Amino acid sequence: MPTDSPFGQVISLSAKRLVRDVPAPNGGDAVLRDVLAGGPFDAAVTGFVLACLPDTASPVLWVSDRMSRRENGRLYGAALRRFGFKGRVLRVEVSHPRDVLWAMEEGAACAGLAAVVGEIHGAPEVLSFTATKRLALRAEASKVPIWLIRSGDPGALSAARERWRVSSVSSQKHPHDAGAPGVPLWEAELFRARGRAPGLWVAEYDPKARTAADRLRLLPRPVDGQMAADHGATADAAGG
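Residues numbered from 1 in each chain as written. Predicted model: local features only at pLDDT ≥ 70, side-chain atom pairs only at ≥ 80, totals over all residues. Heavy atoms only, no water.

Q: How do you make sense of the pairing of strand β1 (residues 32–37) when you look at a structure like this?
A: Taken residue by residue, a regular strand's side chains alternate between the two faces of the sheet. Summarising burial for β1: six of the six residues are buried, a large majority. Of the two faces of β1, both are covered, the one formed by Leu32, Asp34 and Leu36 as well as the one formed by Arg33, Val35 and Ala37. Here β1 runs beside strand β5 (residues 146–151); their pairing, made up of five bridges, is parallel. In the sheet register, Arg33 faces β5, and the bridge partner there is Trp147. Sheet analysis places β1 next to strand β6 (residues 162–169), joined by five bridges and oriented parallel. (Buried < 20%, exposed > 50% of the residue type's maximum accessible area, 1.4 Å probe, protein only. Helix = DSSP H or I, 4+ residues; strand = E, 2+ residues; numbered from the N terminus. Pairing = 2+ DSSP bridges.)

Now the structure itself:
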């Protein structure tokens, strides 16, 4: 059998660990992270960030501009416990993205906060690379993690240490009611990062997990269609 042909190689999937341990974004590192919405009016970005907040009773500063509130809505306080969040949310609502950036910088200087979350819609001129660089440096200096939710943004330049794009996917089946939604799932794409490889995963949030670190899990995105296509091409080549 020729060894230079890729069709002569046998790969045993059973010998591989298909579910890999991936450094989750809820690790608590004090850096700036961008989260871009995969589509308009998709609340997945809000759920994803809530699931990543530190497991602490310290308050979180949450700042949003007017257009973000129109697209993403406001936080519903009674639902925060669903995401394992124990602290309080200090919600600040402003009109202009410039005020969001100012409040985020001021909040990140407060060591008593568990995290700072900002919502800015689109790619306004004030949300420049320099502005995100200031946020990134402030987070690393004060040890306060910062999340920037960017809805309606095509992916403008940013100094964020990690950049995620999050979209909703069908939830898991409810264990007791087939007509009810189960554990929420999101498609999470890390398309740019410093110190780790990009990737595409299904993010699974389980509020009943034993520890807070296990509540958010990143699983490899299924690619069954691609595998089937590759298998067919291999079979055709082998038969020819």
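From this point, the narrative continues.
Q: Is there a simple way to explain the nonpolar core in this structure?
A: Soluble globular proteins: nonpolar side chains tend toward being buried together. By size, the foremost hydrophobic cluster in this structure holds 31 residues, and its most contacted members are Phe48, Leu53 and Trp186. By residue number, the principal contributor to this core is helix α1 (residues 44–52), which donates seven residues. In this view, Phe48 contacts Pro25, Val35, Trp147, Trp164, Val166, Trp186, Ala188, Ala203 and Leu216; residues no more than four positions away in its chain are not counted. Counting 21 residues, the second-largest nonpolar core is a separate cluster that includes Val94, Met104, Leu127 and Val144. (Core = buried A, V, L, I, M, F, W, Y, C linked by side-chain atoms within 4.5 Å. Contact = heavy atoms within 4.5 Å.)

Q: Whenever I open this one, the side chain of Glu204 confuses me. Can you help?
A: On the secondary structure map, Glu204 appears in strand β8 (residues 199–205). Setting aside residues no more than four positions away along its own chain, Glu204 makes contact with Gln172, Val183, Pro184, Leu185, Arg215, Leu216, Arg217 and Leu219.

Q: Is there a simple way to think about the packing of aromatic side chains in this case?
A: What describes a pair of aromatic rings is the distance from one ring centre to the other and the angle between the planes of the rings. Using the criterion set out here, one finds three aromatic pairs in the structure. Judged by centre distance (5.6 Å) and plane angle (50°), the ring pair of Phe48 and Trp164 falls under tilted. In this pair, Phe48 sits in helix α1 while Trp164 sits in strand β6, placing the two residues 116 residues apart along the sequence. Geometrically, the ring pair formed by Phe48 and Trp186 is edge-to-face, given 6.1 Å between the ring centres and 85° between the ring planes. Placement of Phe48 in helix α1 and of Trp186 in strand β7 (residues 185–193) is noted, with a sequence separation of 138 residues between them. By the ring-pair criterion, three or more aromatic residues cluster together here, those being Phe48, Trp164, Trp186 and Trp201. One cation-aromatic arrangement involves Arg165 over Phe191; the distance from NZ or CZ to the ring centre is 4.4 Å. (Phe/Tyr/Trp six-rings, centres within 6.5 Å; stacked < 30°, edge-to-face > 60°. Lys NZ or Arg CZ within 6 Å of the ring centre and 35° of its normal.)

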